[in-house]
Amino acid sequence: MIPNGGTVAIKLHMGELGNIRYIRPIFARKIVDIVRNSGGKPFLLDTVASYPGERDTKQKYLNTAAKNGFAEATVDAPVVITDDEDKLEVIPIRNRISECQLRQAKVPSLLRDSSCILVLSHVKGHDLTGFGGALKNLGMGCVSTETKRAQHLVNMPQFNESACDGCGVCVDECPTGALKLVSERVKREVSKCISCGTCLFKCPSHGWVWPPGSKEKLQVYIAHAASAVLAGYKGRTGFVNFIQDVVPHCDCAAPSGEPVIQDIGIVFSFDPVAADKASLDLIDRAPIIPGSTSAMPPDLLGKIHRTDSSVQLTTAEKLGVGTLKYEMVPV
Ligand code: SF4
Ligand code: SF4
């Protein structure tokens, strides 16, 4: 798969500052060694976050990555973070199903110009999609900020006026100044809202809620974006899912909670749908750590977040991204 001398982008989430559950740098280092020993030129890659935090600019992300253990000195390969100022490839999404309004995805050219892409994904829960694995890493992690926000439009928080006591916390916390208090009532300037969810997470009174169906809809969008990232790229991608530190929340969260099962291991596939399906099945067959969650299989992580996390998989399969059928070969 790796051509001699070809560049290999190793795409992974290097963790928000304060998160301790992301993929351990030593595993990235091992993959770097494997790529180099196979004749490839590896580099680690991620895109800036589309919401406020310690990864929302290149420099902040590089600083956070270094603090989390990802630097050239530790992983033995360049660490590259891209943003929308970098060259982007615009990939049209012509094959659309159901309610997806996403017409295109912008993907860093650095990624698409690589000879191969290895997608390293930490399998864990996710507040908006139930679980996050290879498809989430592709559809949200491999695209521009603009494309991330275009997807997140489907989960713009809804104001729940009956629960609001006018405390003003969300107004102070909104990173874009989209909110203001008028006569003790919250008003939002929708054009300024980037659907970051800060108001929802910070409100002490459930004054903001996710729109009904938005968790499933976001998964549909992610599957479409994933199909765009891989368009014309088949046969040059590999997916490594780390089923360890399976916590309820994603690597963007700090803290992200305690594991709900014991570590299982690593799944590799050339098919992101099969990799995610196998990962979810392994999680559902594992004993739950007593007291860690009241949710039960099937779809343990989806149940924690009150969604059906298989939507991203079934949509991706319909779009030809991969297949839900797999054969597990222990090594
Ligand atoms: S933080 Fe919640 S309760 Fe306070 S003003 Fe905003 S919506 Fe209302
Ligand atoms: S209104 Fe809420 S979701 Fe929109 S930008 Fe402000 S904090 Fe983020």
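Residues numbered from 1 in each chain as written. Chains lettered and ligands numbered in written order. Predicted model: local features only at pLDDT ≥ 70, side-chain atom pairs only at ≥ 80, totals over all residues. Heavy atoms only, no water.

### Observations regarding helix H1 (residues 25-37)
Next up, step 1: If you check H1, its first and last C-alpha atoms are 18 Å apart, about what 13 residues at 1.5 Å a residue would give, namely 18 Å.
Next up, step 2: Of all the residues in H1, the buried ones are Pro 25, Ala 28, Ile 31, Val 32 and Val 35. The buried side chains of H1 occupy one side of the element, clustering within an arc of 115° when seen end-on. Summarising the geometry of H1, the exposed residues directed more than 90 degrees from the buried face are Lys 30, Ile 34 and Asn 37.
Next up, step 3: Packed against the buried residues of H1 are strand S1 (7-11), strand S2 (41-47), helix H3 (72-75), strand S6 (116-122) and strand S13 (237-243). (Helix = DSSP H or I, 4+ residues; strand = E, 2+ residues; numbered from the N terminus. Expected span 1.5 Å × (residues − 1). Buried < 20%, exposed > 50% of the residue type's maximum accessible area, 1.4 Å probe, protein only. Arc of directions from axis to C-beta. Contact = heavy atoms within 4.5 Å.)

### Focus on the pairing of strand S11 (residues 185-188)
Within a regular strand, the side chains alternate between the two sheet faces.
Next up, step 1: Relative to S11, strand S10 (residues 179-182) runs antiparallel, the two being bridged by four bridges. Looking at the pairing, Lys 180 lines up with Lys 187 of S11.
Next up, step 2: The hairpin turn running from S10 into S11, its antiparallel successor, is two residues long, and Ser 183 in that turn takes a positive phi close to 50°. (Pairing = 2+ DSSP bridges.)

### Some points on the side chain of Asp 46
Next up, step 1: Note on placement: Asp 46 falls in strand S2.
Next up, step 2: One polar contact links Asp 46 to Tyr 61, side chain to side chain, over a distance of 2.4 Å.
Next up, step 3: Contact partners of Asp 46, with chain neighbours within four places excluded, come to Lys 11, Leu 12, His 13, Met 14, Arg 55, Tyr 61, Val 80, Ile 81, Thr 82 and Gly 141. (Polar contact = N/O pair within 3.5 Å; in protein donor to acceptor, adjacent residues only side chain to side chain.)

### Remarks on the packing of aromatic side chains
In this description, an aromatic ring pair is defined by two values, namely the gap between the centres and the angle between the planes.
Next up, step 1: For the coordinates displayed, the defined rule picks out five aromatic pairs.
Next up, step 2: Both rings, one in Tyr 22 and one in Phe 70, keep their centres 5.9 Å apart while their planes meet at 55°; by these two values the pair is tilted. Of this pair, Tyr 22 sits in the loop between S1 and H1 while Phe 70 sits in the loop between helix H2 (58-67) and H3, placing them 48 residues apart in sequence.
Next up, step 3: Between the aromatic rings of Phe 268 and Phe 270, the centroid separation amounts to 5.1 Å while the plane-to-plane angle is 85°, which identifies the pairing as edge-to-face.
Next up, step 4: When its relative accessible area of 53% is taken as the criterion, Phe 270 is described as exposed. (Phe/Tyr/Trp six-rings, centres within 6.5 Å; stacked < 30°, edge-to-face > 60°.)

### A few points about the nonpolar core
Next up, step 1: Leu 111, Leu 138, Leu 179, Trp 208 and Ile 283 are the most contacted members of the largest nonpolar core, which totals 67 residues.
Next up, step 2: It is helix H9 (residues 214-230) that contributes the most residues to this core, ten residues altogether.
Next up, step 3: Counting residues domain by domain, this core receives three or more from each of domain 1 (7-144 + 213-318) and domain 2 (157-209).
Next up, step 4: Setting aside its immediate chain neighbours within four residues, Leu 111 contacts Ala 9, Leu 45, Ile 117, Cys 142, Val 229 and Tyr 233.
Next up, step 5: Listed in part, the 24 residues of the second largest apolar core include Tyr 22, Tyr 61, Ala 65 and Phe 242. (Core = buried A, V, L, I, M, F, W, Y, C linked by side-chain atoms within 4.5 Å. Domains from an automatic or database assignment.)

### Looking at the side chain of Arg 55
Next up, step 1: Along the chain, the position of Arg 55 falls in the loop between S2 and H2.
Next up, step 2: Overall, the relative accessible area of 2% leaves Arg 55 in the buried class.
Next up, step 3: In this structure the side chain of Arg 55 is engaged in a polar contact, spanning 3.4 Å, whose partner is the side chain of His 13.
Next up, step 4: Residue contacts for Arg 55: discarding those within four places in its chain leaves His 13, Gly 15, Glu 16, Asp 46, Val 48, Ala 49, Tyr 61, Thr 64 and Cys 252.

### Things to note about the sheet that holds S6
Next up, step 1: Read across the open sheet, the six strands follow the order S3-S2-S1-S6-S13-S14; overall the sheet is mixed. The two strands at the open ends of the sheet, each matched to only one other strand, are strand S3 (79-82) and strand S14 (265-269). Direction aside, neighbouring strands of the sheet carry axes that sit 25° apart on average.
Next up, step 2: One ladder, built from four bridges, connects S1 with S6; its direction is parallel. In the strand pairing of S6, Val 8 is matched with Cys 116. (Axes fitted to C-alpha atoms, helices over the stretch in contact; angles between N-to-C directions.)

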